[in-house]
Every structure is written in structure tokens, then in C-alpha cells.
Number of protein chains: 2
Amino acid sequence: MRLGDGVEWALHCCTVLGALPPEQTIPSSVLAEFHGVPSAYLAKQMQALSRAGIVQSVPGRNGGYKLARAADDISILDVVLAVEGPEPAFRCTEVRQQGPSAVAPARYVKPCGIAAAMWRAEEVFRQELDATTLGDLVSELDTGVDPEQTEKAIIWLSQRLGPATTPVNTPEKS
Amino acid sequence: MRLGDGVEWALHCCTVLGALPPEQTIPSSVLAEFHGVPSAYLAKQMQALSRAGIVQSVPGRNGGYKLARAADDISILDVVLAVEGPEPAFRCTEVRQQGPSAVAPARYVKPCGIAAAMWRAEEVFRQELDATTLGDLVSELDTGVDPEQTEKAIIWLSQRLGPATTPVNTPEKS
DNA sequence: CTATATCCGGATATGTAGTATCCGGGTTAT
DNA sequence: ATAACCCGGATACTACATATCCGGATATAG
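As the structure is a computational prediction, the values presented were derived from the model and not from experiment.

(A) The arrangement of the pairing of strand β1 (residues 55–58) of chain B in detail. Residues and elements named next belong to chain B. Inspection of the sheet shows β1 paired to strand β2 (residues 64–67) by 4 bridges, in the antiparallel sense. Across the sheet, the residue bridging to valine 58 is glycine 64, located in β2. Hairpin geometry of β1 and β2 is characterised by an intervening segment of 5 residues between the two adjacent antiparallel strands and by a positive phi of about 85° at glycine 60.

(B) Seen up close, the interface of chain A and chain B. Listed as interface residues are 55 residues of chain A and, on the opposing side, 55 residues of chain B. Counting the surface lost from both chain A and chain B, the interface buries some 5,300 Å², and carbon and sulfur atoms represent 63% of this. One salt bridge connects arginine 120 of chain B with glutamate 128 of chain A, and the closest N-O pair in it is separated by 3.5 Å. The interface formed by chain A and chain B contains 7 residue pairs in polar contact (both at pLDDT 80 or more). Elements that contribute at least two residues to the side of chain A that touches chain B include exactly α1 (5–19), α2 (28–35), α4 (76–84), α5 (113–130), α6 (134–144) and α7 (147–160) of chain A. No other element matches α5 of chain A, which puts 11 residues into the side of chain A that touches chain B. Here the residues of the side of chain A that touches chain B sort into 28 nonpolar, 11 polar and 16 charged.

(C) Highlighting the protein's contact with DNA strand C. Around DNA strand C, 23 residues are found, and the nearest of them are Ser28, Ser57 and Tyr65 of chain A together with Pro38 and Tyr41 of chain B. Counting only atoms of DNA strand C within 4 Å of the protein, the fraction found in sugar and phosphate groups is 72%. Contacts to DNA strand C include lysine 44 of chain A, whose side-chain N or O atom sits 3.1 Å from a base oxygen. Here tyrosine 41 of chain B contributes a side-chain N or O atom positioned 2.8 Å from a phosphate oxygen of DNA strand C. Counting residues per element, the surface near DNA strand C draws most heavily on helix α3 (residues 39–51) of chain A, which supplies 4 residues. Partitioning the surface near DNA strand C into residue classes produces 7 nonpolar, 10 polar and 6 charged.

(D) Quick look at the relation of the copies chain A and chain B. Least-squares fitting of chain A to chain B yields an RMSD of 0.1 Å, with the superposition described by an axial translation of 0.0 Å and a rotation of 180°. In short, the pair behaves as if placed about a two-fold rotation axis. Across chain A, the smallest distance between a C-alpha and the rotation axis is recorded for phenylalanine 125 of chain A, namely 2.5 Å.

(E) Region of the structure containing the environment of serine 50 of chain B. Residue and element names in this part refer to chain B. By the element assignment, serine 50 lies in helix α3 (residues 39–51). The partly exposed category is assigned to serine 50, whose relative accessible area is 25%. Remark: the alpha-carbon pair of serine 50 and alanine 10, spanning 40 residues in sequence, is separated by 11 Å. Not counting residues within four places of it along the chain, the set of residues in contact with serine 50 comprises Val55, Ser57 and Tyr65.

(F) Structural detail: the protein's contact with DNA strand D. The local shell around DNA strand D holds 23 residues, among which Tyr41 and Lys44 of chain A together with Arg51, Ser57 and Tyr65 of chain B are the closest. Atoms of DNA strand D within 4 Å of the protein: sugar and phosphate make up 73%, bases the balance. Note that a base oxygen of DNA strand D is positioned 2.9 Å from one of the side-chain N or O atoms of lysine 44 of chain A. Interatomic distance of 2.6 Å between a side-chain N/O atom of tyrosine 65 of chain B and a phosphate oxygen of DNA strand D.

(G) The arrangement of α6 of chain A in detail. Listed as buried for α6 of chain A are Leu134, Gly135, Leu137 and Val138 of chain A. Angularly, the buried residues of α6 of chain A cover 170° about the axis, an arc narrow enough to put them on a single face. Lining the buried residues of α6 of chain A we find α1, β2 (64–67) and α4 of chain A together with α5 (113–130) of chain B. Measuring from the backbone nitrogen of glycine 135 of chain A back to the side-chain oxygen at the start of α6 of chain A gives 3.2 Å, which picks out threonine 133 of chain A as the cap.

(H) Here's a closer look at the pattern of salt bridges. All names here are of chain B. Using the criterion set out here, one finds 8 salt bridges over all chains in the structure. As a salt-bridge pair, glutamate 33 and arginine 160 come within 3.3 Å of each other at their nearest N and O atoms. Placement of glutamate 33 in helix α2 (residues 28–35) and of arginine 160 in helix α7 (residues 147–160) is noted, with a sequence separation of 127 residues between them.

Analysis parameters
- Residues numbered from 1 in each chain as written.
- Chains lettered and ligands numbered in written order.
- Predicted model: local features only at pLDDT ≥ 70, side-chain atom pairs only at ≥ 80, totals over all residues.
- Heavy atoms only, no water.
- Pairing = 2+ DSSP bridges.
- Helix = DSSP H or I, 4+ residues; strand = E, 2+ residues; numbered from the N terminus.
- Contact = heavy atoms within 4.5 Å.
- Buried area = accessible area lost by both parts, 1.4 Å probe.
- Salt bridge = Lys/Arg side-chain N within 4 Å of Asp/Glu carboxyl O.
- Polar contact = N/O pair within 3.5 Å; in protein donor to acceptor, adjacent residues only side chain to side chain.
- Nonpolar A, V, L, I, M, F, W, Y, C, P; charged D, E, K, R; others polar.
- Near = heavy atom within 4 Å.
- Least-squares fit on C-alpha atoms with pLDDT ≥ 70 in both.
- Buried < 20%, exposed > 50% of the residue type's maximum accessible area, 1.4 Å probe, protein only.
- Arc of directions from axis to C-beta.

As C-alpha cells, this is what we get:
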């Protein structure tokens, strides 16, 4: 049981996207350099997010990505499912129907208890992920992150972003 | 995010082990044929279960596997961890510490909110799996499985098992 | 209109899970 | 005592998923 690296990257990228002004776009390459991850592979994750309707792509010069909806309306689960795919982690291969002791397939009305227990666990897993939104993660940046870190990130991004409709907003709620 | 097939097989095997008399042993090859799965790979999963102390191997003629403890003292989580490994599904690569905006590593005292949320979800996932025991799965066989299926399985196993200390017990609680 | 910067999709490598086969060590029934 | 049987580990091979790279399409800025 393993989660791909793309999930972590996508979540970090969505977090910075949520911290920027709503209409500010940021190229995939800048996101990659910012996080120190290979830009080609991150681009693929961003495409998956785009297909899922989580981010919106703006082509052409000074284009890039931005969140497609409000950060509070996007849960971590949405991002995970978009990147990792919607299939459940546990695949029931209906092993009961194989082997010498199998009976007619039509008689297997209820799923076996094993698959049921697995899917139950996966359900609470998803519910927990669905309870946290990108907005929560963004808010946490103000409280949990070193101010020096934040400042350093802001000036680095400001240099590298095209002339936005609004400049990068420093948190004002302090 | 994907769980290996071995998890399913191991759970099914442990369930039939739990349905048998406590001292009855079954060879790995019989378990494989019973479920219609490749015996070589199932043997690997059984070894993992043995190392984890979930099943006990009995060598020699008429040997095989049996549960190492009572079925009620073995949770689904135990089996999953034994087969799949104890590592968490989400690996935080501390992407914050890379890239141009990183500060001194010592300043990262708290784990990032992303990893925290992921681990929280994984924790409830494991709690849910830990709440169901092999004993529960065995009990469910009596209620949820077609009687014809059960009978067919019993006679097939009886033919193939060496002279046990006690014969295969048909459920008596009906 | 041209050039640049960006997204998008297919093609390529690398790694991990799954499969099959073999031999040695140890234990039990005959 | 002997032979049959079973686990345990090592090895080699295949298939699939993950990770990576590169060229084409497209829209904007000047």
C-alpha cells in the first residue's frame, strides 16, 4: 500500500495556489522549481488536476494554473482522487468463485465480509480526507510556518511571476 | 494507492484457518488449490504471516499451517500489516526543505499540515481495520454464505487433509 | 504578424509487484 | 532407519505501474 509522490506535490502546489490571489496564474515550471521537484512529472499531475476540474489552466504567455473554485470548496480527498485515480485500494477479485469449492456465481449475492471490511475502512479514510479543505491548509500556513520562510517564499515568487492583476498578498490577519 | 493481491489471499486463508479446529494444520499448497491462486506466491504470503507470528508452521509429514493464536485475537489490521509491511502509505518527503525558499532545517519543528492530515486519515483507516477480527469473519461464514458452498468446501477439504486430531467441524450453533 | 511562453499528449526509462522454479533443513509416518 | 512430506529461502523472469523526457499545439504580448 503506497501513495505516489505526485499526491504530495499536487497538495503542496494547490496550497500555494490557494494562498495566492484568486486570479493570479502560476506556470507549472515555476511551481516545480519552487518545490524542487522535476517539472515534467509535476506537469503531468497538474494536467490530472485540470481534467478533474480542480485547477484551471490558462494557456499562452503569462498563463499558468489557478484554482478552479474557492479553496474552501476543495477537499484533500478531491486532490488525492484526481491524482491517484478513483479506484479503491482494495480490489476484490472474488476469490470465492474460483477453486474447486465454488458454486454458481449467481448465488454470491452479498460481497464477502473481507471486502466489506476493507471498503468500510477505506470509506472512513476518505471521509477523514474529505473533512480537510485546501482553505484549512492555507490558514495553517499563517500559524504553523516560520515567518522567515513565508517572507522568503513571497519575494521569490514575486520576482518570478508575471505582472499579476494584484500583487501577492501578504497575510493581513496577523 | 493500491493494495496487493496477497492481502486478499492471506485474509481468505486465515479465515478458513480460523474455521478449522484449532490444531488442524493445512499445507500451503492445499490452501492455494482451494482458492485457485498460484501456490508459489501464496507461499510467500504465508511465510510473511509466519514471521509476523500470526500463523504457526508445522513441518514434517502431515504438517502445514495453523493459527498461532485465537481467531478473536487477530485483527484484519494484523494481517494487512504483516503482508503489506508496516510503512505508512503516505511518505512525506519534506518537500518544504527543498527549493529556493527553504530555510534552515532545524526550523521545521512541526510536520507540515499536509502530512498531518494524511496520517490522520491513515490512522482512522487502521483503527477501522483493527476493529474487525478473524473471528468476526468466521462467524459471518455461517450467516452470509450459501450452505451448499460451505458443505462443498467441507467435503473437499476433508478429502485432502491428513487424518486430523479432530475431524472438520460442521457449524453446530445453527 | 511574429515570437515567445505556456499547456498538452505521447513516447521512453526505471522500479516494484507478481509468478514460477529450484534446492536445502527439518520433522514425521511407515 | 528410511523415505516422504512440508516449510524456508534464494534466484530468475514477466508484467504492470510509476516516474521521466521530449516534441507539438495554442494563445497571448508586443
